[in-house]
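Here's the letter readout for the chains.
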Amino acid sequence: MAVTIKSAKEIELMRESCRLLSIVHQEMEQAIKPGMTTKDIDILGDSLIRKLGCIPNFKNYNGYPASICVSVNDEVVHGIPNKRRVLQEGDIVSLDAGLIYKGYHSDAARTHAVGQISPEAQKLLDVTKQSFFEGIKMAKAGNHLHDISNAIDAYVRPFGYGIVRDLVGHGIGTSLHEDPQIPNFRQIRRGIKLQAGMTLAIEPMINMGTHEVAWLDDGWTVVSDDGSLSAHYENTILITDGEPEILTLY
Ligand code: MF3
Ligand code: CO
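Computed from a predicted model, the values in this text were never measured in an experiment.

Rules used in this analysis
Residues numbered from 1 in each chain as written. Chains lettered and ligands numbered in written order. Predicted model: local features only at pLDDT ≥ 70, side-chain atom pairs only at ≥ 80, totals over all residues. Heavy atoms only, no water. Helix = DSSP H or I, 4+ residues; strand = E, 2+ residues; numbered from the N terminus. Rg over C-alpha atoms; globule rule 2.2 N^0.38 Å. Contact = heavy atoms within 4.5 Å. Areas by Shrake-Rupley, 256 points an atom, 1.4 Å probe, with all protein chains shown as cover. Lys, Arg positive; Asp, Glu negative; His and termini not counted. Charge placed at Lys NZ, Arg CZ, Asp CG, Glu CD. Pairing = 2+ DSSP bridges. Axes fitted to C-alpha atoms, helices over the stretch in contact; angles between N-to-C directions.

### Regarding the overall build of the protein
Each helix and strand in the protein was counted, giving four helices and 15 strands. Taking 18 Å as the expected radius of gyration for a compact globule of 250 residues, we find that the protein reaches 17 Å, a close match to that expectation. Of all intrachain contacts in the protein linking residues separated by at least 6 positions in sequence, the fraction that spans at least 24 positions is 70%. In the structure as shown, the protein presents an accessible area of about 10800 Å², 50% of it carried by carbon and sulfur atoms. Charged side chains in the protein number 24 positive and 32 negative. The centres of these two groups are separated by 4 Å.

### A word on the sheet that holds strand β8 (residues 178–182)
The antiparallel open sheet is built from five strands, whose spatial order is β8-β7-β9-β14-β15. Edge strands, defined here as strands with exactly one partner in the open sheet, are β8 and β15 (245–246). When strand β9 (residues 199–202) meets strand β14 (residues 235–238), the two strands line up antiparallel, connected through four bridges. Looking across to β14, one finds that Ala 201 is bridged to Thr 236. Relative to the sheet, helix α4 (residues 145–156) contacts β8 and β9, its axis offset from that of β8 by approximately 35 degrees.

The structure is reproduced here in structure tokens:
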């Protein structure tokens, strides 16, 4: 599938889709506390999305059974909400959510602390979030895709963390996943040239240890191969002729 350039009208629809998703994320963040289950988070996120008149785009995507991906500690992404999985003080929990508004998709993820967490875990969260911001400094018309990938890699590498390679960011619009793929690690090929009107989901996934990941038997949950903590930070952004717009931060 080709990379799409959104019209002014489509950009307005993307903006609204993403604004609504940012509300869902804010409300989920406020609800996080020790004792709640990962299923509670999915029920909350699903009902918020529907109350806003939108459709959860993850639900049934390739058979994914929930609306919110909830990934705890060494789970990198695509954790399946479970009514027996209780969040404990000191855990970190990654919430990945998306919705469809008038046919337009949005996608964003954040990793949150559950109660008090260790300074080491907090640093992983901070570095992962900042790596997104380092990446989008390069997300300008005329630059190439690898400028984003290389900026994320250059920022994260000195911390000694593992940058997940098996999962990448992506274009987004009338489908959840459009071209191009957007790796979070150093690229030799420069990739496509960025143009105003592209909407992209940029989503570094960073492990405290190895970059290697494994899939659990449920067919979805991705975990760090060495059991180390993992964090995720994602926003849907718009390429413009000036600074990029972060559509899912409102
Ligand atoms: N944000 C995720 C991604 O970009 C979407 C989850 S796919 C699902 O891949 F199937 F788990 F919903
Ligand atoms: Co995504």
